[in-house]
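# Analysis of the macromolecular model
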Amino acid sequence: IFTALCIVAHFYFFYKKKYFIAAIFIIVGIYFKLVAVVFAFPYFVFAICSKNHRQYVFYLFIVGAVISLISYPIQGLMYGSLYPFSMFLT
């Protein structure tokens, strides 16, 4: 339910052109379940191709980097220092 809420909220805020809030919702949804990447990819491609929506790509990378830096110490202690790569090895 939380992932669906994040995806719907992402769509709503993307439609309202509040890209920072939309990026927060989709990155948190992706962090919670990797399934949300399927829904983020078309918006990412659309934002790259559209001149008016390129700000979304910037916010997506900034929010993704901040959430990764916040979660890295916790996940790094649990799964090792190469946490993102260790997901694929297990």
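All values reported here derive from a predicted model rather than from experimental measurement.

Tallying secondary structure elements over the chain gives 5 helices and 0 strands in all. Starting at the N terminus and walking to the C terminus, you meet the elements of the chain as α-α-α-α-α. The long-range share in the chain, meaning contacts at least 24 apart out of those at least 6 apart in sequence, stands at 53%. Taken as a whole, the chain presents about 6,500 Å² of accessible surface, with 77% of it coming from carbon and sulfur.

In this structure, Lys-17 takes a positive phi of about 65 degrees despite not being glycine. For Lys-17, a relative accessible area of 55% translates into the label exposed.

Moving on, we come to the packing of aromatic side chains. Two numbers describe a pair of aromatic rings. These are the distance of the centres and the angle of the planes. Scanning the entire structure with this criterion turns up 12 aromatic pairs. Grouping aromatic residues by their ring pairs yields a cluster made of Phe-14, Tyr-19, Tyr-43, Phe-46 and Tyr-56.

So, on to the nonpolar core. Ranked by internal contacts, the top residues of the largest apolar core, which has 16 residues, are Phe-14, Ala-22, Ile-26, Ile-27, Tyr-56 and Leu-60. Going through the elements one at a time, helix H1 (2-15), helix H2 (19-32), helix H3 (37-49) and helix H4 (54-79) are the ones with two or more residues in this core. Once residues within four sequence positions are removed from consideration, Phe-14 is found in contact with Tyr-19, Ala-22, Tyr-43, Phe-46, His-53 and Tyr-56.

Spanning 14 residues, H2 covers 20 Å between terminal C-alpha atoms, matching the ideal 20 Å at 1.5 Å per step. Along H2, the residues classified as buried are Tyr-19, Ala-22, Ala-23, Ile-26, Ile-27 and Gly-29. Relative to the axis of H2, the buried residues are bounded by an arc of 160 degrees and lie together on one face.

With that out of the way, let us pick up a nonpolar patch on the surface. On the surface, Phe-58, Ile-62, Val-66 and Ile-70 cluster together to form a nonpolar patch covering roughly 380 Å² of accessible area. In this fold, Ile-70 is placed in helix H4.

This paragraph deals with the side chain of His-10. Relative to the helices and strands, His-10 resides in helix H1. Reaching out from His-10, the side chain makes a polar contact with the side chain of Tyr-56 at a distance of 2.7 Å. Residues within four places of His-10 in sequence aside, it is in contact with Ala-22, Phe-25, Ile-26, Tyr-43 and Tyr-56.

Attention shifts here to the packing of H1 against H2. Contact geometry of H1 with H2 gives a least axis separation of 8 Å together with a crossing angle of 160 degrees. In this view, H1 runs roughly antiparallel relative to H2, as classed from their interaxial angle. Viewed along their axes, H1 and H2 form a crossing whose handedness is left-handed. Here Phe-2, Thr-3, Cys-6, Ile-7, Ala-9, His-10, Phe-13 and Phe-14 of H1 come into contact with H2, specifically with Tyr-19, Ile-21, Ala-22, Phe-25, Ile-26, Val-28, Gly-29 and Phe-32. Among the residues making up the contact of H1 with H2, the classes are represented as 13 nonpolar, 3 polar and no charged.

The rules we used
- Residues numbered from 1 in each chain as written.
- Predicted model: local features only at pLDDT ≥ 70, side-chain atom pairs only at ≥ 80, totals over all residues.
- Heavy atoms only, no water.
- Helix = DSSP H or I, 4+ residues; strand = E, 2+ residues; numbered from the N terminus.
- Contact = heavy atoms within 4.5 Å.
- Areas by Shrake-Rupley, 256 points an atom, 1.4 Å probe, with all protein chains shown as cover.
- Buried < 20%, exposed > 50% of the residue type's maximum accessible area, 1.4 Å probe, protein only.
- Phe/Tyr/Trp six-rings, centres within 6.5 Å; stacked < 30°, edge-to-face > 60°.
- Core = buried A, V, L, I, M, F, W, Y, C linked by side-chain atoms within 4.5 Å.
- Expected span 1.5 Å × (residues − 1).
- Arc of directions from axis to C-beta.
- Patch = residues over 30% accessible without salt bridge, like charges linked within 9 Å, V, L, I, M, F, W, Y side chains within 5 Å.
- Salt bridge = Lys/Arg side-chain N within 4 Å of Asp/Glu carboxyl O.
- Polar contact = N/O pair within 3.5 Å; in protein donor to acceptor, adjacent residues only side chain to side chain.
- Axes fitted to C-alpha atoms, helices over the stretch in contact; angles between N-to-C directions.
- Parallel < 35°, antiparallel > 145°, perpendicular 65-115°, else oblique.
- Left-handed = near helix turned anticlockwise from the far one by under 90°.
- Nonpolar A, V, L, I, M, F, W, Y, C, P; charged D, E, K, R; others polar.

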